[in-house]
Amino acid sequence: MSEIKTINELPYEILIKILKYLSWPDTGNAASTCKLWKELTDDSCLWCVSLNYLVHPDPAKLRFLRRTNRKFHTIKVRGVLRTLEDFQLIKLLGHAVVKLIWIGNYEADVRKFGDLLHCMPNLQHISLFGGIFEHYNDDPPHMRKLKSLEVSNCVGRILELFQRAKLEKFKLHLQCETPMGLREFLSSQPDIGTTLIVEHIGTGVSRRFSLKDLSELNFRLSNLSLTSDRWVDDSNGILRLLKANAETLIELELSGHLKDFIYEFLFSQLKRLKSLKMSVSNAPKDIRFYERLDISHLNSLTLIEPPVHCEHFFMRLPDITNLTLLSCRKHFLRSISDKLSELTTLSLDSGNQLATDRILIPSIKTLHIRTLSHNIDWDGFTKVNDQLTELIIDNVERKEFLNVLDILDITNNTNLRVLSIGKCFTPSDSMLRFIRSNCPLLRVLILGSENFS
């Protein structure tokens, strides 16, 4: 085999695979390098185009899109298509499109929208955010490849367009009212996994549905999120909705103060539940309550404002692997750490749990801190948790909370594969060299706003 001297001498299949790893901006730069790379990226890479019709799109951009041979993987449209030229452009680009995102399509002509879908035979994912869709009388498109549909705050008969599709996933965001034909749509999708998110609405805005209404629909929910405190007073409605989907729920998010009988049902009847996020500030105080729980099936848990007596709760969680703690008292993590033998991922909102206590978590691999607002003894923590492989800190509140010596301690005591530190952290060149030499297994390095991977 002759020696390869330049990258362009590689087989085209390998070149294409390399180019597909690039981000969209880097793919654009690569396409400008030479004719060969332009042809390869145009034909094979995951291009995305965004069209904002809330303002007048750039004429030069529109001219380029009309004459390019580039195949677009994703199209994102904001606003309403008002002219024939607008629709023709989307149809022109649509043949290779796999993902369509449509935002703010108010007073849309559903027939024209259906025509657009006919021109996207490879479409697999659709997200619709906002829209008023009129009645659709024509035969809906088949869309044989469509796998997932996300609908947020759309009213009218939009779901009629998708009754022939055989979806795997359906995500529905609700605020004020449900889309028309929802019951018929769910009946047409026997194998669908549904995510329902009932969102918060402003004071004085009324809903046109109740939890009782939702419980009577055949959702077969795999994910449910009730994020509005306005449901707290409807405990019976919450219980009814949970009972209707007890055999299928895998992920659940609840907010607000819940009644004891809701806790009882959550931890005794939802046997398939794997991930739970909830406020537990008013969790039952009776120790006998926790002794009755059977929640060993949970492996991901997010707790907000856990009280002292929640320590008993963790005695019933032998297999928890992913834990997020929000708004906790200072020593809460220390009080439960001996019960977290299988925990591999820990997420904290502030890091105050690690500020004074040297905590051992035997299996921890990933530590995620949203905002570092305290000094931490990183040398002590990483010495007793030297199996840590990923450290992610989204924001450092003050520079003195994470300094050069802290980074040296962290990298000396662990074999990190991922190190990501967000705002308020600027590394020196010497620090970068030290991190690279001290962390031979490092795959991702993000410091401040720079990605050094």
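The coordinates are above.
Residues numbered from 1 in each chain as written. Predicted model: local features only at pLDDT ≥ 70, side-chain atom pairs only at ≥ 80, totals over all residues. Heavy atoms only, no water.

A.B. asks: Is there a simple way to think about the overall build of the protein in this case?
C.D. replies: On a plain count of helices and strands, the protein comes out with 16 helices and 18 strands. In the protein, which comprises 453 residues, the proportion classed as buried is 49%. Pairs at least 24 residues apart make up 55% of the contacts formed inside the protein by residues separated by at least 6 positions. When the accessible surface of the protein is split by element, carbon and sulfur atoms take 50% of a total near 22,600 Å². (Helix = DSSP H or I, 4+ residues; strand = E, 2+ residues; numbered from the N terminus. Buried < 20%, exposed > 50% of the residue type's maximum accessible area, 1.4 Å probe, protein only. Contact = heavy atoms within 4.5 Å. Areas by Shrake-Rupley, 256 points an atom, 1.4 Å probe, with all protein chains shown as cover.)

A.B. asks: Please explain the pattern of salt bridges as it appears in this structure.
C.D. replies: Applying the stated criterion across every chain yields a total of 5 salt bridges. For Lys383, the salt bridge is made with Asp379, and the minimal N-O distance between the two is 3.3 Å. Here Asp379 and Lys383 lie together in helix H14 (residues 378–384), a separation of 4 residues that amounts to about one turn. Taking the shortest distance from any N to any O, the salt bridge between Arg398 and Glu400 comes out at 2.6 Å. (Salt bridge = Lys/Arg side-chain N within 4 Å of Asp/Glu carboxyl O.)

A.B. asks: Help me understand the packing of aromatic side chains in this model?
C.D. replies: A ring pair, where both rings are aromatic, is described by two values, the distance of the centres and the angle of the planes. Considering all chains together, one arrives at 2 aromatic pairs under this definition. For the ring pair Phe170 and Phe185, a centre distance of 4.8 Å and an interplane angle of 65° mean the geometry is edge-to-face. Pair noted here: Phe170 is in strand E6 (residues 169–174) and Phe185 is in helix H7 (residues 182–187), with a separation of 15 residues, a long-range link. Of the two residues, Phe170 and Phe185, neither departs from the other in class, the shared state being buried. Aromatic side chains Trp378 and Phe381 sit 6.2 Å apart centroid to centroid with 90° between the ring planes, which places their arrangement in the edge-to-face category. Remark: Phe381 and Trp378 occur in helix H14; sequence separation between them is 3 residues, near one turn of the helix. (Phe/Tyr/Trp six-rings, centres within 6.5 Å; stacked < 30°, edge-to-face > 60°.)

A.B. asks: Would you explain the nonpolar core in this entry?
C.D. replies: Nonpolar side chains tend to gather and get buried jointly when the protein is soluble and globular. Counting residues in hydrophobic clusters, the biggest one holds 123 residues, and the most contacted among them are Phe162 and Leu367. Of all the elements, helix H10 (residues 260–269) adds the most residues to this core, at 5 residues. In contact with Phe162, not counting residues within four places along its chain, are Leu117, Ile126, Leu128, Met143, Leu146, Leu149, Phe185 and Gln189. Listed in part, the 7 residues of the second largest apolar core include Leu15, Ala30, Trp37 and Leu40. (Core = buried A, V, L, I, M, F, W, Y, C linked by side-chain atoms within 4.5 Å.)

These results come straight from atomic positions and should not be treated as a statement about function.
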